[in-house]
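Chain and residue survey
Residue strings, one per chain:
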Number of protein chains: 2
Amino acid sequence: MRVSLKTVLTLTTLFFISACGADDAADSMWRKLPLNNTVLLTLPHGKVVIELAPQFSPKNTAQFSKLTQQGFYDGTKFYRVIDGFVAQAGPKDGSKKDLSVPILAMEADFKVAKDWAYTPVQQQGLFAQQTGFKDGFAIAYQQGKSPNSGKAWLTHCPGTIAMARNNAADSASSHFYIVIGQAPRYLDRIMTIYGRVVHGMQHVQAIQRTAVIEGEYAVDHRDFTEIVSMQLMSDVAKAEQIHIEVENTESKAFAERLVKRRNRDSAFFYNKPPPVLDVCQIPIRSRIVK
Amino acid sequence: MRVSLKTVLTLTTLFFISACGADDAADSMWRKLPLNNTVLLTLPHGKVVIELAPQFSPKNTAQFSKLTQQGFYDGTKFYRVIDGFVAQAGPKDGSKKDLSVPILAMEADFKVAKDWAYTPVQQQGLFAQQTGFKDGFAIAYQQGKSPNSGKAWLTHCPGTIAMARNNAADSASSHFYIVIGQAPRYLDRIMTIYGRVVHGMQHVQAIQRTAVIEGEYAVDHRDFTEIVSMQLMSDVAKAEQIHIEVENTESKAFAERLVKRRNRDSAFFYNKPPPVLDVCQIPIRSRIVK
């Protein structure tokens, strides 16, 4: 299905409305990550930086931050790593350490006010009425029956970090996974996403896979990738801190980039693709500022 | 947008029609890859197996196979590796080796007969009227204006291998890329896909990234990941051959698995996701048989 020109024009207009409707942040192309809202995950083969999302998943973020500050994750392993899907870590299932952590309630989506502002990306996707970005996070939005009953949620894009759980909705505690493959959007709204990788995703991609194909030797648990340490960046020794700025998805510059990305005006596109955007296929830039 | 129950039922029916309409292959859950249609890509850190697609892109596959048999790719490097996007390799641009290879015509899509059979996955996606599988490859299909003028094409899913090119449609020769991130579907129909990784994708994911974020040290070209060797599996010494079977996407078992995957009947799904499937988010199983 090709999206009609009308839809594209509507979206183009929306971008600018959104950009204009945002606050002063719209003037700045970059947004600095607060150190106490940023996590340094040190793997044996590289450093990974994660931005937390307390504004979307306050309770899960708070528990993850607290555990991180206690050194809870240091020495735990990525015990379920499936290529193209997720890398999952946590303490040994059913261990004293595992059972010591309080169970969390699901924070899968949230009600939003009628005037809730975000940067729209795509209408009428298969998984959501609308996708977009808010504070650098890929989101989806669904209008409710009454005019003021919209809901939004963080979507499962590559690099997303979320709480793992058992079958019950409210059964997460400390185990988490990072998406390392094609967005498993079918997990949207039934898992609590609370952050995203903003630096070092290639090191997450290099985590030892634990699920092997039939006919291969099984991976020994001693070869599982270990978390050397997980720290809030604000707790890291100053000389070792990584200061990151990410693209401000509320900025005019970003909205303009989306329009360009949709239109594909480069000569490379000798045949134009459909003017649509997959919210999980839009790289959000980041840079080290120190 | 939720797909209506009617659509789901229609698709469910289609699965079985397709499975029944296929040939004897439908009885077998596994399909053995012919060794002369399979490539062994040896990286410094692991072995990767690629299935070629001569039935879809005969000329590009033939040239790639010929170059492979000549040892053309041995010692070349992955010089453009962007996390979440592609890992691209080939000889030095403009070098004698580079210029020695004939230019290829694009094989981006192909006409199909009215009775062309494939295993349907999803209708009314944003990038195509219909997606599905054919011979293990993710495909998309678009009905033409006249009843017998449908077109199909291979889609850019993770693990896809395609010819790189310059701006002109017919400008590919030997450079290729493997998709390592969220499906860049906007490249569909303007690039020649001619294979897919069926084993060792984690080693492709571990290729040294060459594009770095701002503020990082640039990657020295001496650190680029080298292709130790690229060989047709039929040319590999017998003891070193890897025999692979892949899931037969024309089988009844596969069609049933698609239905289950769409329905998400497990207790884990305490809230059911929309009954839709992303053709690039369906792992096609493979196994080593020797």
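Every value quoted in this text rests on a predicted model; they were computed, and no experiment measured them.

With that out of the way, let us pick up the state of the cysteines. The bond known as a disulfide is covalent and runs between the sulfur atoms of two cysteines. Residues and elements named next belong to chain A. Applying the stated criterion across every chain yields a total of 2 disulfides over all chains. The disulfide that involves cysteine 157 links it to cysteine 280, with 2.0 Å between the sulfurs. Across the S-S bond linking cysteine 157 and cysteine 280, the dihedral sits near -70 degrees, which makes this disulfide left-handed. Separated by 123 residues along the polypeptide, cysteine 157 in the loop between strand S10 (151–154) and strand S11 (160–163) and cysteine 280 in the loop between helix H5 (252–263) and strand S16 (286–288) bring together distant segments of the chain. Summarising the burial analysis for this pair, cysteine 157 and cysteine 280 share the class buried.

Hydrogen bonds along the backbone pair up the strands of a sheet, which may run parallel or antiparallel. Residues and elements named next belong to chain A. Reading across the sheet, the 8 strands line up as S4-S5-S12-S11-S13-S3-S2-S14 and stay open at both edges, with antiparallel pairing between neighbours. The open sheet has two edge strands with one neighbour each: strand S4 (77–81) and strand S14 (229–232). Across the sheet, the mean angle separating the axes of adjacent strands is 30 degrees when strand polarity is ignored. As paired strands, S4 and strand S5 (residues 86–90) are joined by 4 bridges and run antiparallel to one another. The residue bridging arginine 80 from the neighbouring strand is glutamine 88, located in S5. Each of strand S2 (38–43), strand S3 (46–52), S11, strand S12 (176–179), strand S13 (192–199) and S14 touches helix H2 (residues 58–69); the most contacted strand, S14, lies at about 115 degrees to it.

As a further point, take helix H2 (residues 58–69) of chain B. Residue pairs spaced three or four apart in an α-helix point in one direction, given the helix's 3.6 residues per turn. All names here are of chain B. Over its 12 residues, H2 runs 16 Å from end to end, which matches the ideal 16 Å to within 8%, given 1.5 Å per residue. Taken together, the buried positions of H2 are occupied by Asn60, Thr61, Gln63, Phe64, Ser65, Leu67 and Thr68. Packed against the buried residues of H2 are strand S2 (38–43), strand S3 (46–52), strand S11 (160–163), strand S12 (176–179), strand S13 (192–199) and strand S14 (229–232). In the stretch just after H2, glycine 71 is the one whose phi turns positive, near 75 degrees.

Okay, the pairing of strand S15 (residues 244–247) of chain B next. All names here are of chain B. Here strand S1 (residues 30–32) runs beside S15; their pairing, made up of 3 bridges, is antiparallel. Bridge assignment links arginine 31 to a residue of S15, and that residue is valine 246. Bridging between S15 and strand S16 (residues 286–288) involves 3 bridges; their strand directions are antiparallel. By the bridge assignment, glutamate 245 is partnered in S16 with arginine 287.

Turning to the relation of the copies chain B and chain A, a few remarks are in order. Superposition record for chain B on chain A: RMSD 0.0 Å, screw rotation 180 degrees, translation along axis 0.0 Å. The two molecules are tied by a two-fold rotation axis, judged by turn and shift. Interface overlap between copies is the fraction of interface residues in one copy that are interface residues in the other; for chain B against chain A it reaches 100%, indicating a shared surface.

What follows is about the interface of chain B and chain A. Taken together, the 55 residues of chain B in the interface contact 55 residues of chain A. Summed over both sides, the interface of chain B with chain A buries roughly 4700 Å², with 58% coming from carbon and sulfur. Area buried by chain B at its contact with chain A is led by Leu126, Gln182 and Phe268 of chain B, which between them contribute 18% of it. For the interface between chain B and chain A, the tally reads 2 salt bridges. Between glutamate 214 of chain B and arginine 287 of chain A there is a salt bridge, with the nearest N and O atoms lying 3.8 Å from each other. Scanning the region where chain B abuts chain A turns up 8 residue pairs in polar contact (both at pLDDT 80 or more). Elements with a contribution of two residues or more to the side of chain B that touches chain A: strand S7 (119–123), helix H4 (201–205) and S16 of chain B. Its residues assigned to classes, the side of chain B that touches chain A shows 28 nonpolar, 17 polar and 10 charged.

To continue, consider the sheet that holds S3 of chain B. All names here are of chain B. Taken together, 8 strands build an open sheet; the order of strands is S4-S5-S12-S11-S13-S3-S2-S14 and the sheet is antiparallel. The open sheet terminates on both sides in strands that have one partner only, identified here as strand S4 (77–81) and S14. Averaged over all pairs of adjacent strands, the angle between their axes in this sheet comes to 30 degrees, without regard to strand direction. Pairing between S3 and S13: 4 bridges, direction antiparallel. Bridge pairing links isoleucine 50 to valine 197 in S13. Where H2 meets the sheet, its contacts fall on S2, S3, S11, S12, S13 and S14, and the angle it forms with S14 comes to roughly 115 degrees.

All names here are of chain A. Burial within S13 is extensive, with 8 of its 8 residues counted as buried. Pairing analysis gives 4 bridges linking S11 to S13, with the strands arranged antiparallel. Looking at the pairing, threonine 160 lines up with arginine 196 of S13.

To continue, consider helix H5 (residues 252–263) of chain B. All names here are of chain B. Taking 1.5 Å of rise per residue, the 12 residues of H5 would be expected to cover 16 Å, and the 17 Å separating its terminal C-alpha atoms lies within 8% of that figure. Within H5 the residues assigned to the buried category are Phe254, Ala255, Arg257, Leu258, Val259, Arg261 and Arg262. Looking one or two places after H5, you find arginine 264, whose phi comes out positive at around 50 degrees.

Residues and elements named next belong to chain B. Within the secondary structure, serine 251 is located in the loop between S15 and H5. Exposure remark for serine 251: the relative accessible area of 2% places this residue in the buried category. Within the structure, the side chain of serine 251 is placed 2.7 Å from the backbone oxygen of asparagine 248, a separation counted as a polar contact.

Here the focus is the UniProt feature "domain: PPIase cyclophilin-type" (unreviewed entry) in chain A. Within this numbering scheme, the UniProt entry marks residues 35–234 of chain A as carrying the feature "domain: PPIase cyclophilin-type" (unreviewed entry). Between the C-alpha atoms that bound residues 35–234 of chain A the distance is 5 Å, and the span itself is 10% helix and 32% strand.

Take the pattern of salt bridges next. Side-chain pairs of opposite charge can arise where the charged atoms are in close proximity. Residue and element names in this part refer to chain B. Tallied over the entire structure, the rule returns 24 salt bridges over all chains. For glutamate 51, the salt bridge is made with arginine 196, and the minimal N-O distance between the two is 3.3 Å. Placement of glutamate 51 in strand S3 and of arginine 196 in strand S13 is noted, with a sequence separation of 145 residues between them. For the residue pair glutamate 51 and arginine 196, the accessibility class agrees, reading buried in each case. The partner of aspartate 109 in a salt bridge is lysine 151, and the shortest N-O contact between them spans 3.8 Å. On the criterion of sequence distance, the pair formed by aspartate 109 in the loop between helix H3 (96–99) and strand S6 (110–111) and lysine 151 in strand S10 (residues 151–154) is long-range, its members being 42 residues apart. Lysine 151 sits in the partly exposed class, given a relative accessible area of 29%.

This next bit is on the environment of threonine 160 of chain B. Residue and element names in this part refer to chain B. With respect to the helices, strands and loops of the structure, threonine 160 is situated in strand S11. Discounting residues that sit within four places of it in the chain, threonine 160 has contacts with Thr155, Tyr177, Ile178, Val179, Ile193, Gly195 and Arg196. Of note is the side chain of threonine 160, whose polar atom sits 3.4 Å from the backbone oxygen of threonine 155.

Rules used throughout
- Residues numbered from 1 in each chain as written.
- Chains lettered and ligands numbered in written order.
- Predicted model: local features only at pLDDT ≥ 70, side-chain atom pairs only at ≥ 80, totals over all residues.
- Heavy atoms only, no water.
- Disulfide = S-S within 2.5 Å.
- Helix = DSSP H or I, 4+ residues; strand = E, 2+ residues; numbered from the N terminus.
- Buried < 20%, exposed > 50% of the residue type's maximum accessible area, 1.4 Å probe, protein only.
- Pairing = 2+ DSSP bridges.
- Axes fitted to C-alpha atoms, helices over the stretch in contact; angles between N-to-C directions.
- Contact = heavy atoms within 4.5 Å.
- Expected span 1.5 Å × (residues − 1).
- Least-squares fit on C-alpha atoms with pLDDT ≥ 70 in both.
- Buried area = accessible area lost by both parts, 1.4 Å probe.
- Salt bridge = Lys/Arg side-chain N within 4 Å of Asp/Glu carboxyl O.
- Polar contact = N/O pair within 3.5 Å; in protein donor to acceptor, adjacent residues only side chain to side chain.
- Nonpolar A, V, L, I, M, F, W, Y, C, P; charged D, E, K, R; others polar.
- UniProt positions renumbered as here; feature names shortened; annotations may be inferred.

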